[in-house]
Amino acid sequence: GRIAEEAGSITCTDCGAGTYADGYGNSGCQSCAKGSAASLTGQSNCTQCDPGSSAALVGSIACTECAVGRIAENYGSADCQDCAMPAWTFQEGSSSCGACLEAYFFDPAIEDCVKCPPDSTICPDGTTMGSIELLSGFWRTRNSTTNLIRRCHRPEACKGGTNSKSYCEEGYTGNLCAACEAGWASGPGFSCTRCDSSFRSVVVAVAQDVGLFLASS
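Let me sum up the structure you'll find in this document. Just so we're clear, the structure is a prediction, and the values are computed from it rather than from any experiment.

## Considerations on the pattern of salt bridges
Then step 1. Here the structure, examined in full by the defined rule, presents four salt bridges.
Then step 2. Among the salt bridges present, the one from Arg 70 reaches Asp 82, with a minimum N-O distance of 2.8 Å. Taken together, the positions of Arg 70 in strand β9 (residues 70–71) and Asp 82 in strand β10 (residues 81–82) put the pair twelve residues apart, joining distant regions of the chain.
Then step 3. According to the relative accessible area criterion, Arg 70 is partly exposed, its value standing at 27%.
Then step 4. Close ionic contact of Glu 156 with Arg 154 constitutes a salt bridge, the shortest N to O distance being 3.4 Å.
Then step 5. Look at Arg 154 and you get partly exposed, because its relative accessible area is 22%.
Then step 6. Overlapping salt bridges bring together Arg 70, Asp 79 and Asp 82 as one network.

## A closer look at the nonpolar core
Then step 1. Ranked by internal contacts, the top residues of the largest apolar core, which has 15 residues, are Leu 134, Trp 139, Cys 158, Tyr 172, Cys 177 and Cys 192.
Then step 2. Residues Cys 116, Cys 123, Met 129 and Ile 132 belong to the second largest nonpolar core, which totals five residues.

## Structural notes on the state of the cysteines
Then step 1. A complete count under the given rule lists ten disulfides for this structure.
Then step 2. The disulfide that involves Cys 168 links it to Cys 177, with 2.0 Å between the sulfurs. Linking Cys 168 and Cys 177, the disulfide has an S-S dihedral of approximately -90° and is accordingly described as left-handed.
Then step 3. Note on Cys 168: relative accessible area 16%, which makes it buried.
Then step 4. Cys 177 sits in the buried class, given a relative accessible area of 1%.
Then step 5. The thiol sulfur of Cys 12 is not disulfide-bonded, and the nearest other cysteine sulfur, from Cys 15, lies at 10.0 Å.
Then step 6. Take Cys 195: it sits in no disulfide, and the sulfur closest to it among the cysteines is that of Cys 180, at 8.4 Å.

## Focus on the pairing of strand β14 (residues 112–115)
Then step 1. Relative to β14, strand β13 (residues 104–107) runs antiparallel, the two sharing four bridges. If you follow Phe 106 over to β14, its bridge partner there is Cys 113.
Then step 2. Counted along the chain from β13 to the antiparallel partner β14, the turn is four residues long, and its residue Glu 111 has a positive phi close to 50°.

## Remarks on the environment of Asp 112
Then step 1. With respect to the helices and strands, the residue Asp 112 is situated in strand β14.
Then step 2. Sequence separation between Asp 112 and Cys 100 is twelve residues; the distance between their C-alpha atoms is 8.4 Å.
Then step 3. Non-local contacts of Asp 112, meaning those with residues more than four positions away in its chain, are made with Phe 105, Phe 106 and Asp 107.

What counts, and where the lines are drawn
Residues numbered from 1 in each chain as written. Predicted model: local features only at pLDDT ≥ 70, side-chain atom pairs only at ≥ 80, totals over all residues. Heavy atoms only, no water. Salt bridge = Lys/Arg side-chain N within 4 Å of Asp/Glu carboxyl O. Helix = DSSP H or I, 4+ residues; strand = E, 2+ residues; numbered from the N terminus. Buried < 20%, exposed > 50% of the residue type's maximum accessible area, 1.4 Å probe, protein only. Core = buried A, V, L, I, M, F, W, Y, C linked by side-chain atoms within 4.5 Å. Disulfide = S-S within 2.5 Å. Pairing = 2+ DSSP bridges. Contact = heavy atoms within 4.5 Å.

Don't take any of this as a statement about function, it's just geometry.
Structural data, given as structure tokens:
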């Protein structure tokens, strides 16, 4: 990291930032190659840029993080590369295009962006398989697939959203939100109606009448 430029020198001089001198007895410093940098003086080597950063110039004193939408996958990159849309990155200093632009979601099984079903989903920038938002009137079995998105028998029973455990409106439950929760009664067209106190009184009275009839027969 030090040199003596002239014969008979009584002291050695540190190499400047962006340069280095390896070994002993050097008479000159070498500039850091593209893809590497030396931020301090007196260095015996240059440090390769980390993934997600680059150094485009010879003699760089620092590596620069890749801008949004650009990546550097490997160590020692001289330049960042553009993501191939719709793949994207929304952070500076990224080493992979692991996100997707609007109307697409990232499928980890194939590590690529896939078009969201347009008639049943909403996919803003950065949507993943698990964060796909269903439109109201639709339901899916779990958040790990788009193959099983279905239109509900009763559209108003399905509120959509991103949570597979709460796709159903109050009072509805089960596959396609086609069943009624406890305390709700089934009606025509897969409808569910809350059981009020008068309804429960009628049920109890009917049950009592049936019991009396069976006991007397």
